[in-house]
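Notes for the structure review
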Amino acid sequence: MDVARRNLCLPNRPYSITLRLKLAAAYRSLGYPDLAAGEAYKALLLIDEVMEEGEYHDAAMEAAKTDITSGEAIAALDRTVGVDQEAIVWARICWSQRSYSFLVGCLIDCGCLRSAFDYNSRALRLFPSSMFFQLSQKTLVAKVRSYFESKGEIFEHVDVLDYPDNGLVRQELYPWNNHEPDRFSSEGLLFLNTEMTRIAPKLEVQVTNLPILSLKQNTNGGPPPPDQELRHIQQLGVFAKEDISPGELILQEKSILTSVSRLHESFCDACSASLPITRGNGVEFHEGAVTISCENCDDVFFCSAECWDLAQVKYHPALCGASIDPGKVPASEAADSLYSLLLIRTLAMAETQDIHPLDLVEVKYIWGDYHGLDLDQTWEVDLQGRLLDSFGSVPPTLPFSFNGNILMPLHMLEKMGVNIFEQSHRYDLWVFNTLYAKFRGTASARQGLDGRPEIGAVHPMWCLANHSCDPNVTWEWQGSMRFWTRQELVQWKGRDPEHKPGIRKGEEVLSHYCDVTLPVRERREWAIGALGGDCVCPRCMWEEAERRGETA
Ligand SMILES: C[S@@+](CC[C@H](N)C(=O)[O-])C[C@H]1O[C@@H](n2cnc3c(N)ncnc32)[C@H](O)[C@@H]1O
């Protein structure tokens, strides 16, 4: 595949602007405008390096000259513009125009209209007579106008900062991603079960079949199938190795893949347990423990020497002194901000441990909820070979923003001292997207008193348990994640009266992703993000039928 081939070239020519632009073109033609936007943005960074005395100026200048003398630049532009062979002219005029046009076009494709507007305005200042940017301006105004008019608002009254900037892109196991393990292989299961036995001796991970709940993946655009005709796929689940009585603690898992979005002094930076409250000059003791802080940065606090040691070995050195406080995050973006912080934690873990982010044991085996469609059958082009839509007809489901998926991770990596050009193979946008895909289906978040998500975490073993609105366990997250078998099952009228609390050998551990005391419609709405569609557990099916007056 073209993308894979060019990706392989990048380690040798990480500063080549033309190579970045070719990669952007290849990504776009394959229905990945988000990945194309990432390469176009890096091309713009390199153009700045060529034109100014920056950290990478010499390397970028050298690469630009090589591109020009080797004829690469001419091929990339499909035409020779100007006769001046100076790299700076190429950068300022040709490459810059091409990078901006990729970035703006791809951001529009991804629904990031505010960012597209911003870059198009910059491009128009540089190239005022460009038809492309003038047209893009018109397209953007039309799109933003129709967005606000559909909400009953007047476009002229809206601040640019309020323009929509979040879209959806393909949630995919990229064809060139060779880090994803075979989770169903005997080696994969052996690894997971060794981990599981350590924290939950009575449980084991098994392969199971689950209904695919996402309508887009079930219907390819047709009407929704009847519930009994849903397609099924293989996934993992957690099962009892022996009989377990009601009220037993069956799993206790501590994770350092956590995020704290505010009140950093109130939570352990490693495990996110609540910390003792500081009063005046003294410190309030909490279960005999006292808060430990990092002497070098004084930005982070820990609940125990164990957490401090884990932070030192696993992630903190990469971040020590690099403030990651996202500042005041609007309530509407609080949940996304927790995912971004999980991404930063993962990048810091990769950097500290010198390992590819997708090979970290904390993320490698977790579920990515990739679309699972056969690309040969789904991908559609017209008679001229052009894509029918920007994503090649693959339904986009992964939330995407220019800031969260491109700008912020690259900026944080630079703060960690990572060379984002030479380390592209390790810290590329498709890697960030893959991590987000994994977090979105598995992370848990806890809200503060004002209802805004405050802390988030991925517990790699706990998150292997599937959901039911009639769960046989309940869980609590306070530093560690803990599972108990329920003393009493949820009350609902349609259950088999023989079904009693406790879990028998061979039965699946069924967790809950929503508040199971709510009525069926509210439960389904709550869990839809984590499940990908409406829950079809026996309780939901029965209660939905009852609601429609269909039960016997
Ligand atoms: C946190 S993961 C659970 C573990 C996952 N089955 C695995 O293989 O790692 C959440 C995903 O599991 C699937 N899932 C969990 N409970 C389900 C249910 N009751 N019905 C259908 N799919 C379910 C959904 O695809 C969801 O996105």
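Remember, it's a predicted structure, so these values are computed and weren't measured experimentally. (Residues numbered from 1 in each chain as written. Predicted model: local features only at pLDDT ≥ 70, side-chain atom pairs only at ≥ 80, totals over all residues.)

Notes on the overall build of the protein
The cut-off we apply is this: Under the DSSP-based scheme used, a helix requires at least four consecutive residues in state H or I and a strand at least two consecutive residues in state E, with every element numbered from the N terminus. Three exposure classes are used, all based on how many other C-beta atoms lie within 10 Å of a residue's own C-beta (placed from the backbone): buried at 20 or more, exposed at 12 or fewer, and partly exposed between those limits. Contact criterion: two residues are in contact if their C-beta atoms, reconstructed from the backbone, are within 7 Å.
A tally of helices and strands in the protein yields 19 helices and 16 strands. Per-residue burial for the protein yields a buried fraction of 39% across its 552 residues. Of all intrachain contacts in the protein linking residues separated by at least 6 positions in sequence, the fraction that spans at least 24 positions is 67%.

As for the sheet that holds strand β11 (residues 444–447)
This is how it is decided: Strands qualify as paired when DSSP identifies two bridges or more between them. The axes used here are C-alpha line fits, helices contributing only the stretch in contact, and every angle between their N-to-C directions lies in the interval 0 to 180 degrees.
Strand order in this open sheet of three strands is β5-β12-β11, and the pairing throughout is antiparallel. Of all the strands in the sheet, just β5 (258–260) and β11 have a single pairing partner and so form its edges. Each strand axis lies, on average, 20 degrees off the axis of its neighbour in the sheet, ignoring direction. Relative to strand β12 (residues 453–457), β5 runs antiparallel, the two being bridged by three bridges. Directly across from Ser259, in β12, lies its bridge partner Gly456. Contacting β5, β11 and β12, helix α13 (residues 334–353) runs over the sheet at an angle of about 35 degrees to β12.

Some thoughts on the sheet that holds strand β4 (residues 249–254)
As summarised here, the arrangement of the three strands in space is β4-β15-β14, forming an open sheet in which the pairing is antiparallel. Two strands lie at the open edges of the sheet, namely β4 and β14 (473–478), each paired on one side alone. On average, adjacent strands in this sheet sit at an angle of 15 degrees to one another, irrespective of strand direction. Summarising the sheet, β4 and strand β15 (residues 480–485) pair through five bridges and their orientation is antiparallel. Paired with Lys254 across the two strands is Ser480, which belongs to β15.

Some words on the site of the ligand
As a reminder of what qualifies: In this entry, near means the residue's backbone-placed C-beta atom lies within 6 Å of the molecule or strand. Charged residues are taken to be Asp, Glu, Lys and Arg, nonpolar residues to be Ala, Val, Leu, Ile, Met, Phe, Trp, Tyr, Cys and Pro, and polar residues to be all remaining types, Gly included.
The ligand sits among 19 residues. The nearest are Gln235, Leu236, Trp367, Asn466 and His467. Counting residues per element, the ones that place at least two in the shell around the ligand are β2 (203–211), β3 (232–240), α17 (429–442), β13 (466–467) and α18 (520–531). Of the residues forming the shell around the ligand, the biggest block, three residues, is contributed by β3. For the shell around the ligand, the class distribution of residues is ten nonpolar, eight polar and one charged.

Digging into the confidence of the model for the protein
Applied cut-off: Per residue, pLDDT captures the predictor's confidence, and it can take any value from 0 to 100.
Per-chain confidence: the protein averages 88 in pLDDT, with 89% of residues scoring 70 or above. Residue range residues 75–84 is modelled with pLDDT below 50. Its contacts to residues more than four positions away, or to other chains, number eleven contacts. Contacts from residues 279–285, a stretch scored under 50 in pLDDT, to residues over four places away or in other chains number ten contacts. Across the whole predicted complex the pTM is 0.91, and at the interface the ipTM reaches 0.99.

Concerning the pairing of β12
The buried count for β12 comes to five of five residues, which makes it a mostly enclosed element. When β11 meets β12, the two strands line up antiparallel, connected through four bridges. Bridge pairing in β12 places Arg446 opposite Ile455.

Topic: the nonpolar core
Condition: A set of buried Ala, Val, Leu, Ile, Met, Phe, Trp, Tyr and Cys residues, joined through C-beta atoms within 7 Å, is what we mean by a nonpolar core. Reported domain spans reflect what an automatic or database domain assignment gives.
Counting 121 residues, the largest nonpolar core has Ala37, Ala40, Leu103, Leu107 and Cys268 as its most contacted members. Counting residues per element, this core draws most heavily on helix α6 (residues 87–109), at twelve residues. Inspection of this core shows a minimum of three residues originating in each of domain 1 (186–242 + 460–547) and domain 2 (262–316). Not counting residues up to four positions away in its chain, the partners in contact with Leu107 are Ala37, Cys112, Ser115, Ala116, Tyr119 and Phe402. By size, the runner-up hydrophobic cluster in this structure holds nine residues, among which are Ala527, Leu531, Cys535 and Cys537.

Some remarks on unusual backbone geometry
For Asp369, which is not glycine, the phi torsion reads 45 degrees and is therefore positive. Among the secondary structure elements, Asp369 is positioned in the loop between α14 (361–364) and α15 (375–378). Of note, Ser393 is a non-glycine position whose phi angle comes to about 70 degrees, a positive value. Here Ser393 is to be found in the loop between α15 and β10 (398–401). For Ser393, a count of 18 C-beta atoms within 10 Å puts it in the partly exposed group.

Brief notes about helix α16 (residues 402–415)
For the record, the criterion: Here the expected span of a helix is defined as 1.5 Å times the quantity of residues minus one. Given a residue, its bend is the angle between the two axes fitted to the seven residues that end at it and to the seven that start from it.
Look at α16: 18 Å from first C-alpha to last across 14 residues, which is about the 20 Å you get at 1.5 Å a residue. Roughly 30 degrees is the biggest bend found in α16, and it falls at Met408, with proline Pro409 one to four residues downstream. Taken as a whole, α16 has its buried residues at Phe402, Gly404, Asn405, Ile406, Met408, Pro409, Met412 and Leu413. Just downstream of α16 lies Gly417, where phi reads positive at about 85 degrees.

A few points about the environment of Glu380
With respect to the secondary-structure elements, Glu380 resides in the loop between α15 and β10. C-alpha separation for the pair Glu380 and Gly31, spaced 349 residues apart in sequence, amounts to 9.8 Å. When sequence neighbours within four positions are dropped, the list of residues in contact with Glu380 reads Leu388, Gly392 and Ser393.

Some points on the packing of α13 against α16
To describe two helices that pack against each other, one gives the angle between their axes and the distance between the axes. What counts here: Angle categories are assigned with fixed cut-offs, so that under 35 degrees is roughly parallel, over 145 is roughly antiparallel, 65 to 115 is roughly perpendicular, and the rest are oblique. Crossing chirality is assigned from the near helix's rotation relative to the far helix, an anticlockwise turn below a right angle marking it left-handed and a clockwise turn marking it right-handed.
Relative to each other, α13 and α16 sit at 40 degrees, their axes nearing to 10 Å. For the element pair α13 / α16, the angle class is oblique. For α13 against α16, the interelement crossing comes out right-handed. Along its contact with α13, which presents Asp336, Ser340, Leu343, Ile344 and Leu347, the element α16 presents Gly404, Met408, Pro409, Met412 and Leu413. Of the residues assigned to the contact of α13 with α16, the class counts are seven nonpolar, two polar and one charged.

Some points on the environment of Asp162
By secondary structure assignment, the location of Asp162 is in the loop between α8 (131–149) and β1 (166–169). Overall, the presence of 12 C-beta atoms within 10 Å leaves Asp162 in the exposed class. Put simply, Asp162 and Arg495 are 333 residues apart on the chain and 48 Å apart in space, counted from C-alpha to C-alpha.

With respect to the environment of Glu55
Within the secondary structure, Glu55 is located in the loop between α3 (33–51) and α4 (57–69). A sequence separation of 299 residues divides Glu55 from Asp354, and the C-alpha atoms of the two residues are 23 Å apart.

Digging into α8
To keep things clear, this is the line we draw: This arc corresponds to the set of directions leading from the helix axis out to the C-beta atoms.
For α8, which comprises 19 residues, the first-to-last C-alpha distance of 27 Å matches the rise-based estimate of 27 Å (1.5 Å per residue) to within 8%. Of all the residues in α8, the buried ones are Phe133, Ser136, Leu140 and Val144. Buried positions in α8, seen along its axis, are confined to an arc of 60 degrees and lie on one side of it. Looking at α8, the residues exposed on the side facing more than 90 degrees away from the buried face are Met131, Leu135, Lys138, Ala142, Ser146 and Glu149. Of the surrounding elements, those touching the buried residues of α8 are α6 and α7 (113–126).

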